[in-house]
Each structure stands twice: as structure tokens, then as C-alpha cells.
Amino acid sequence: MRRKNTQIPCIGVSYSIMPAKRGTEFLYFRSLTLKQMLRTHTCGELTLTNVSQAVTLCGWVHRTREMGGLTFIDLRDRYGITQLVFNSDLDKVLGEKAKKLGREYVIQVTGKVVERSNKNLKIPTGEIEIMTSSLQVLNSSKVPPFTLEDDTDGGDELRMKYRYLDLRRNMVKNNLLNRHKVARAVREYLDGQGFADIETPFLIKSTPEGARDFVVPSRVNKGEFYALPQSPQTFKQLLMVSGFDRYYQIVRCFRDEDLRADRQPEFTQIDCEMAFVEQEDVLQMFEGMVKHVFQKVRNIELGTLPRMTYADALKYYGNDKPDMRFGMLLHDLTGVVKGNGFKVLDDAEYAGAIAVPGAAEYTRKQTDELTEFVKRPQIGAKGLIYVKCLADGTFKSSVDKFYTEADLKKWAEAAEAKAGDLILLVSGELTVARRALSELRLEMGDRLGLRNKDVYKPLWVLDFPLLEKDKDSGGWVACHHPFTSWKSEDEQYFETAPGKIRANAYDFVLNGVELSSGSIRIHDRKKQEKMFAAIGLTKEETETKFSFILNAFEYGAPPHGGVAFGFDRFCSMIVSGQENIRDFIAFPKNNAGRDTMIDTPSSISDAQLKELGIGIEHH
Ligand code: ASP
């Protein structure tokens, strides 16, 4: 049963949880009548309306200043900062005690709220201060290893080792509180739409999402292992077979991948599934969710989301997560550049170009820099050709030897370049050249200030391929995961050209970042078997790994589909407009997958290994 005001016991006192007021920064406020508590108010709420009240506050000593007989202390807690005043002329003992307080000491003070003569209008409590009459030290503190200010002097490593102190800083603290706010808005929407929050197990068997599994040895079943879920994919599908029809979970997922910046081995998803739906229903439902969250958390109206096919995203943006905040689209110039005896272009599978607005005046040094940029190993282009579209209508290019003014004019038309623009052209193998152009486009977008983090341009990317070639094995693998269904009109390509089969799969993309993936699933045993065969699983492998879901499909599996949003990334994009997931996780791992605070991963004792039945090698 849901009640409006819920009493939650908290450290032996009652917190009254109030419904949120629109526009308030944080959702819950404690009530003001908490007699048994160690404090009567927080450090973020006293204003001129409280003047002459007697109050008790608790918090951390943020800063201390002495001026003559007066000691000023900024007392800090989760809610803000309140200035305390100790007057040694009135109470010498108290004044001396205050002077001895160190940074981050935990104290309790009682005093009277008075109007400040020297007001600080930047903070809500800046018009008052507390004339302190008693002080109790609740705990002392060592000097913190870095300053707990917005602009801290602590490096990344130090802050991670002392993460509990880093979390006292406003930026990190607010990120986590905002994360909570996002989670609430998500739940509010999904609960309102009849989704049931159901937990699925963590100790399972492999769920293929394209990464390696983290495994957990079983002590009672020696020599056997559980896998941690890469996602709850199969379980949420089984819940649809069970008839729950709308499921969600804000859930931890585990993927043992090669580490990259902004990847975490454990991360959180908003995982959802619906039965009796088609792709359109799923898109509308989750478009609604994203809009609701943006509205609630940022007060931003997103409007209707555009949609683009995967094929068009690659053609015009060079990748499947287009940043739509700016134009500078890719143009295919393959047909235009050939036939002038310039071998590089004559032999190229593809030649594509972007027109960079207003960059015709780029110097040799700048164009050289861009050439180096696309030649970096992670991008892999062989080189870069440029054409400057000069203000007087003439052209100056790096290939003047092979092309006349008239030729270059055709290039400019094909690239939709105007006088003053710089055409950048990359040629070679289609996928490599497109990737290079995509990176170049984003780089130029950054340089021209076109990627404003306060502008939000989301879209759906649709019709992903079902299968792709695995670089290492040369076999086919599922682009999304093997439970994804395909367009019936593409069924014919299973025999002839599996790479051409389009899946009923979709991604939600925001400002060049993929925030969710999903698909309409297979719900038929025969089709699922066909998919497993297409990705090279033998009958035996299929049987040992997936018989449970194949069997389930034989007991009345409804048509179903769903989606999962990367929750950490979602929070980071909504709140900060940037992709910095570590700042939105309370206790993240570093780039080497380590938690340096608790120092893990770490070895375990021989006895423990033996108990788990894991062989120990001694050298
Ligand atoms: N399980 C998928 C993933 O983790 C999402 C989905 O298809 O619903 O990406």
C-alpha cells in the first residue's frame, strides 16, 4: 500500500519523507520537528526567516577563519554550508575550543540564528550565521590527503583511494544525488505504465552479450562455475513466457572486457521487456520514458525523436551513433573523383568528403595536423586530401597536379561546399574511410564549437544488421545478441548473404553516445535454432547452453521485445551532458579494473583455493 508521508526510522529518530516540490533541487527534506535527533536543522536550510531561533547543527568543519576575538567556521553537511561564529570576548573557553578544531572534525553546535552583516548571496544560508553557545566534538579527523573543495588539489589516484572523502565534494556528491533523482524518475514512469520490478539471479550461466563472462567457482559443486550475468536478457524473456508482460529492473551487469576509458566491469542497466508488442510500441514507450526523465530532472522538453536507419547513419555520419548537434554530413564522391590518373583515388573502393564551414583559410600546419589525426593507428586512414574553396570562387587543393579547377568545382558541388569551406576527403576501403571521416567530423565539430553539451539531440537508429563477421574467427556473430529477430523479407539472405539480413533492433542515441539497445525477440524454437546455427553453434552446444530457453519457447511464448539503457551513462549524459560514468558511480573501478580503495582484485589464500577445488601451482 502506498502512503503519502512515510515514516522511515533513521538512527533512532524519525525522518518524515515529504513529496517533492517541483523545482526543488533534492527530492526529500527532513521535517523540522525532530526532537530526539542530534540536530534540529541541516546546514543547508536556515535563512532570515529563522532569525533568533535556537538551533543545533551537526557537520564537518569545512573552513576556519580568525578575525580578532572572533572565529568563523563554515560547517558543512550534505545539504550545504552554514557559518558559525564563536566570540572569545563573550566566552573564552568556547572560543579557545573552536580555535583548536581541525579540518573535517565532526562537531555538534548549539546557538542562535542571527542576521549576517557581511552577506554571501551565493549560498542559500548566506544571509545568516549562528552565534554559537556550545560546541561538542563528535569526532576528530586527520588532515585529509587532498582539499575537499570543488577545485581540489587531489589527483585521480589519490581521490579514488580515498573515495569516501572525494564523495564529500560537491561535484561528486551532487552527481550521486542526481543519479538517485534519475532513478526515481525512471521508476515513476515505468511504475505508472504498469511495469513490474522483478529481480533476476546473479549466479547464472553465460548470457551472451559479446563480452567475456566473470565466473564464480562453486564450493559445493567442485570444479563447476557460475557466470555473472552480462545482462538479464534470457531471464527477462522467460518472465515474458511466464506472463508478466511488462518487466523492468535497475540492475547490475558484469562484462569482462578489455578496459577502455569510460568502461566499467560492473555497470548498471535499466533493463526492460514487454510482451504483445511490435517495434513501434517499444520505441514509443521508451521515448516516453526518456522525455519524462529529461523533463523531471532537467526541465528540458525533448520533442519528437527523429529516426534514422543504420544504413543512413553510416552513409551520412560514418557511424551508427550519429551526433546530430551539427551538420557537416559525409558525401560520397567516389563517382566524381575517379578517372584523372590519380591512382590513390582511381583504385579506391570509396572516397568520401565533409565540407568544414569557414575553414578554407586553414594553414599548412593545420591541414598537416588533420592528416596526422586520420593516420593514427586507431583510425587507420592512409592520408587526407583537402580542397580549399576560396572566397573568390577558385580552389586550392593538395591534389592540384591531377585535377583542374573545373574538376574541383564538381567536387565542391558534390560535397555541398560553399566559398570559404574546407573540403576534407578520405579514400580507401569503405569501412575504414567512413570511420576516419566520422572521427574527422567529430574533431572538426569540437574545433568549431559545434558540440555544445547543453544541446540535446537524441534519435533512434533502426534496422541494424542481424549478423556481422567476427574479425578473429571469420564466422558470423550476432550484432546485438542471438535472441534478436529479423525482418521476414530478409529471410532469403540466410543462405546467400547473411550480412544483409536486417534485425528488428534499435538503439537510442544521444549526442553521439549510444544510451540503449534493444530488439524484438525470437519467440519460436525453430527460428531460435536457426539463429544459433547461423552463428556457428553446434546442436550439442545449443543444447548445453540454451536448452532452457528453447524449451520455454515451446510452452506458449508470447511475441515480445525490449530494451536496456546503460544507466550510468544515461545519468551522466542527462546531468552533465558528457560521458563520464565514473563520476556517477559511488565506488567505481579505475581504468585497470581495480578498486584501489579496497585494493581488489587480490589473491586469496591457498586454503580458500583448495576449498573451491581450484588447482594451485607453486613455482
Ligand atoms: N540485453 C541487451 C543488452 O544488454 C538489451 C536488450 O536487448 O534488451 O544490450
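That block above? That's the structure.
The following paragraphs examine the structure supplied in this document.

Calculation notes
Residues numbered from 1 in each chain as written. Predicted model: local features only at pLDDT ≥ 70, side-chain atom pairs only at ≥ 80, totals over all residues. Heavy atoms only, no water. Pairing = 2+ DSSP bridges. Helix = DSSP H or I, 4+ residues; strand = E, 2+ residues; numbered from the N terminus. Contact = heavy atoms within 4.5 Å. Axes fitted to C-alpha atoms, helices over the stretch in contact; angles between N-to-C directions. Near = heavy atom within 4 Å. Polar contact = N/O pair within 3.5 Å; in protein donor to acceptor, adjacent residues only side chain to side chain. Areas by Shrake-Rupley, 256 points an atom, 1.4 Å probe, with all protein chains shown as cover. Nonpolar A, V, L, I, M, F, W, Y, C, P; charged D, E, K, R; others polar. Parallel < 35°, antiparallel > 145°, perpendicular 65-115°, else oblique. Phe/Tyr/Trp six-rings, centres within 6.5 Å; stacked < 30°, edge-to-face > 60°. Buried < 20%, exposed > 50% of the residue type's maximum accessible area, 1.4 Å probe, protein only. Lys NZ or Arg CZ within 6 Å of the ring centre and 35° of its normal.

What about the sheet that holds strand 16 (residues 385-389)?
- Spatial ordering of the open sheet is given by 14-15-18-16-17, a layout of five strands whose pairing is antiparallel. Each edge of the open sheet is held by one strand with a lone partner, namely strand 14 (331-332) and strand 17 (395-397).
- Relative to strand 18 (residues 422-428), strand 16 runs antiparallel, the two being bridged by four bridges. Each bridged residue has a counterpart across the sheet, and for V387 the counterpart in strand 18 is I423.
- Across the sheet, helix 11 (residues 405-414) lies against strand 14, strand 16, strand 17 and strand 18, angled at about 90 degrees from strand 17, the strand it touches most.

Observations concerning the site of the ligand
- Around the ligand, a shell composed of 14 residues is seen, among which E209, Q233, K236, H480 and R521 lie nearest.
- Between the ligand and Q269, the relevant distance is 2.9 Å, taken from an oxygen atom to a side-chain nitrogen or oxygen of the residue.
- Its free accessible area being 270 Å², the ligand has 94% of it covered by the protein chains.
- Here the shell around the ligand gets three residues from one element, more than from any other, and that element is strand 24 (residues 560-566).
- Across the shell around the ligand, the residue classes tally to two nonpolar, eight polar and four charged.

Looking at the packing of helix 4 (residues 170-192) against helix 16 (residues 567-576)
- Contact geometry for helix 4 and helix 16: axes closest at 10 Å, N-to-C directions at 110 degrees. One finds that helix 4 runs roughly perpendicular with respect to helix 16. Residue-level contacts link N175, N178, R179, V182, A183 and V186 of helix 4 to F567, D568, F570, C571, I574 and V575 of helix 16.
- A breakdown of the residues in the contact of helix 4 with helix 16 according to their chemical character gives eight nonpolar, two polar and two charged.

A word on the side chain of D77
- For D77, the location among the structural elements is in strand 4 (residues 70-77).
- Polar contacts involving the side chain of D77 include one to the main-chain amide nitrogen of Y79, which spans 2.8 Å.
- Ignoring any residue separated from it by four or fewer positions in sequence, one finds D77 in contact with R39, T42, C43, G44, C58, W60 and K173.

Here we look at the packing of aromatic side chains
- Taken as a whole, this structure holds 17 aromatic pairs when the rule is applied.
- Between F195 and F286, the ring centres sit 5.9 Å apart and the planes meet at 65 degrees, which makes this aromatic pair edge-to-face. Remark: F286 occurs in helix 6 (residues 279-298) and F195 occurs in the loop between helix 4 and strand 8 (196-197); sequence separation between them is 91 residues. Take F195 and F286: they sit in the same class, and that class is buried.
- Between the aromatic rings of Y310 and F464, the centroid separation amounts to 5.0 Å while the plane-to-plane angle is 45 degrees, which identifies the pairing as tilted. Note that Y310 is positioned in helix 7 (residues 310-317) and F464 in the loop between strand 19 (458-462) and strand 20 (467-469), a separation of 154 residues in sequence.
- Three or more aromatic residues link up through ring pairs in this structure, and these residues are F195, F286, W460, Y506, F508, F565 and F570.
- Above the plane of the ring of Y162 lies K161, whose end atom (NZ or CZ) is 6.0 Å from the centre.
- A cation over an aromatic ring shows up here: K530 above the ring of F494, its NZ or CZ 4.6 Å from the ring centre.

Description of the sheet that holds strand 11 (residues 246-254)
- Taken together, eight strands build an open sheet; the order of strands is 8-11-12-24-23-22-19-13 and the sheet is mixed. The strands lining the two open edges of the sheet, one partner per strand, are strand 8 and strand 13 (307-309).
- The pairing of strand 22 (residues 505-510) with strand 23 (residues 513-520) spans six bridges and is antiparallel. Paired with F508 across the two strands is S516, which belongs to strand 23.
- Lying over the sheet, helix 5 (residues 233-242) contacts strand 11, strand 12 (266-275) and strand 24, oriented at roughly 25 degrees with respect to strand 12.

Description of unusual backbone geometry
- Across the junction of T600 and P601, the peptide omega takes the value 5 degrees, indicating a cis bond.
- Mapped onto the secondary structure, P601 falls in the loop between helix 16 and helix 17 (606-611).
- Unusually for a residue other than glycine, E104 sits at a positive phi of about 70 degrees.
- We classify E104 as buried; its relative accessible area is 3%.

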